[in-house]
Structure formats: C-alpha cells, structure tokens
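Remarks on the overall topology
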Amino acid sequence: MTSRISGLLRAACLTALAVAGCATQLPPDEDPVQIKLKDLDVRLARIERVVANQSLLDLANQVEALRSDVRAMHNDIDVINHNLESGRKQQHDLYADLDQRLKSLEGRGAAGAAAQAGSAAGAAGAAGSRSAADVTDKAGYQTAFDLLKDSQYDRAIAAFQSFLASYPTSPLADNAQYWLGEAYYVNKSFPEALTAFQRMVETYPQSRKLPDALLKIGYCNYELKEYPAARDALSQVTTKFPDSPSARLAQQRLDKMAAEKH
C-alpha cells in the first residue's frame, strides 16, 4: 500500500514538473525562427525598394536618351529641308540666269552676248556669296544645336541668340528661334522660354514648327500656373492642327488639367 502511494506521488510530481516546463516556454511571437523570418522580410523589402529605385533611374536615363535622339532627328530634318530649299533656289537662279543669257544673245548679237557674259560672271559671284553665306549660317546653327543636344543649355542659349542676331533672314531662323525656346524650357527658365516661343509664333506664322511652339506655350503657362492661357494655347493646337503629333500631346495635357481641376 505504501509503495503504491509513493508511486502516485512520484507521478504527481512528474506531472507538475511537465506543466511548469510548458509554462516557461517562449510565447509564439518570440519564437527565434519567427524573429529571423521577420528580419529577412524586412531586409528583402529594403532590397526590393533599392532595385525599384534603380529601375526608375535607369528608365529616366533611357527617356532622356530618347529625347536626345528625337532632338537630333528633328535637327537632321531641319538641315535636310534647308539644303533642299537652298538647292531649289540655286537651281531656279541658274535656270533664270541661263534663260536671260539666251534672250540677250538672241536680241543683241555678239556684242550683247559679250556684255551679258560679264553680267553672268557677276551673277555667279553673287551666287557664290550666297552659297558661302548658306554654309556659314548652317555651321552656326549646327553648333548651337549640338550644344543643346549635349545638354549644355546655357551655351546653347547663347549660341542660338548669336545665330539669330547674325542671320535674322536665314531659312533656319524659325528653327533657331524654336530651339532657343526649348533650351530655356529644359533649363526650367519658363518665363524666358514662353517669350521665345511667343516670338517664334509671331515672327514665323508660316513655320512648320508652329504647332510645336503653340504646344510649348501651353506647357510654359502650365508650369507658371497660368492655366487659362495654357488651356487656350493647347486648344489652338488641337483645333488648328488636329492631325499633328503636337495635337495628341496637347490633348493629354488638357486631360491632365481637367483631372487636376485647373
């Protein structure tokens, strides 16, 4: 009987010890494994944020590179158009000169032909002067545009201003005036950019860059928080040049302004 009681006491003690051991275990929220997992989650989230920021930076760099390529393509088109226009003008002058020389030969005889030869030589000299001027203004324009393409905005602004002062009647003057505005715009000098684009619209109303200039007038006014003026310029683009790429960009900005309740 005594041994049986002793056995029961030992069993009771063992049960009490087991219960005490369970009570001293760590609660689930302090489990070392769980703590380690939480730490890994935090570190992983931090790494993901770094990767995301780097991806955004890479994307921004790609966008800037694409913008530079687009500016270069626009410039190439401008130069090609200028060359074509110069070629057509020189060809017209040549045909006109030849026609005049033939008429003089027919009407005046040999003496008239000799006199006309001197005149033709003078015309050729004038044509040579025009060609030299074309080369000079093209070189000045290209220099200014290269500075803009290389993101040297302050130097590009000075170069375009110098070009416009030296060659105000150049076939490239409207393009130079537009890119002067662009140089100010990318430099975030919005009041100066607005003035340059407005001057381009007023001075060269037949320029093929008119829709682009109106678009940038809208953009500049938007940046300056002149929302009615911005809406007016952007609406002109969509109304007057509905099939142009600028019209699509203008509509996007108008939609943005509507969403912002401006």
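Residues numbered from 1 in each chain as written. Predicted model: local features only at pLDDT ≥ 70, side-chain atom pairs only at ≥ 80, totals over all residues. Heavy atoms only, no water.

1. Looking at the overall build of the protein
From N to C terminus, the protein includes 8 helices and 0 strands. When the helices and strands of the protein are listed from N to C terminus, the series reads α-α-α-α-α-α-α-α. Out of the 262 residues in the protein, the part that is buried amounts to 29%. Contacts spanning at least 24 positions in sequence make up 53% of the contacts within the protein whose residues lie at least 6 apart. Accessible surface for the protein amounts to roughly 16800 Å². Of this, 60% is attributable to carbon and sulfur atoms. (Helix = DSSP H or I, 4+ residues; strand = E, 2+ residues; numbered from the N terminus. Buried < 20%, exposed > 50% of the residue type's maximum accessible area, 1.4 Å probe, protein only. Contact = heavy atoms within 4.5 Å. Areas by Shrake-Rupley, 256 points an atom, 1.4 Å probe, with all protein chains shown as cover.)

2. Examining helix α5 (residues 190-203)
Between its terminal C-alpha atoms α5 stretches 20 Å, which fits the 20 Å expected from 14 residues at 1.5 Å a residue. Taken together, the buried positions of α5 are occupied by Phe190, Ala193, Leu194, Ala196, Phe197 and Met200. Buried residues along α5 cover an arc of 165 degrees about the axis, so they all sit on one side. Against the buried residues of α5 lie α4 (173-186) and α6 (210-223). (Expected span 1.5 Å × (residues − 1). Arc of directions from axis to C-beta.)

3. Description of unusual backbone geometry
Phi is positive for serine 151, which is not a glycine, with a value near 65 degrees. Following the sequence through the fold, serine 151 ends up in the loop between α2 (32-149) and α3 (153-166). Phi at lysine 261 takes a positive value of approximately 65 degrees, unusual for a residue other than glycine.

4. Things to note about the side chain of aspartate 212
Secondary-structure assignment places aspartate 212 in helix α6. For the buried aspartate 212, no salt bridge exists, and the shortest N-O distance to an oppositely charged side chain is 4.2 Å, to lysine 209. In this structure the side chain of aspartate 212 is engaged in a polar contact, spanning 2.5 Å, whose partner is the side chain of serine 246. Discounting residues that sit within four places of it in the chain, aspartate 212 has contacts with Tyr178 and Ser246. (Lys, Arg positive; Asp, Glu negative; His and termini not counted. Salt bridge = Lys/Arg side-chain N within 4 Å of Asp/Glu carboxyl O. Polar contact = N/O pair within 3.5 Å; in protein donor to acceptor, adjacent residues only side chain to side chain.)

5. Let's talk about the nonpolar core
Formed by 44 residues in total, the largest nonpolar core has its most connected members in Tyr141, Leu148, Phe160 and Phe197. Elements represented by at least two residues in this core include exactly α2, α3, α4, α5, α6, α7 (227-240) and α8 (245-259). Leaving out residues up to four positions away in the same chain, phenylalanine 160 has contacts with Tyr141, Ala144, Phe145, Leu148, Ala176, Trp179 and Leu180. (Core = buried A, V, L, I, M, F, W, Y, C linked by side-chain atoms within 4.5 Å.)

6. Regarding the pattern of salt bridges
For the coordinates displayed, the defined rule picks out 2 salt bridges. Between lysine 216 and glutamate 182 there is a salt bridge whose closest N-O contact spans 2.4 Å. Highlighted residues: lysine 216 in helix α6 and glutamate 182 in helix α4, separated in sequence by 34 residues. According to the relative accessible area criterion, lysine 216 is buried, its value standing at 11%.

7. Focus: the confidence of the model for the protein
Summarising the model, the protein shows a mean pLDDT of 75, and 57% of its residues fall at 70 or more. Element-level mean pLDDT values for the protein span from 49 in helix α1 (residues 2-23) up to 97 in α5. The low-confidence segment residues 94-99, where pLDDT is below 50, has 2 contacts with residues more than four positions distant or belonging to other chains. (pLDDT = per-residue confidence, 0-100.)

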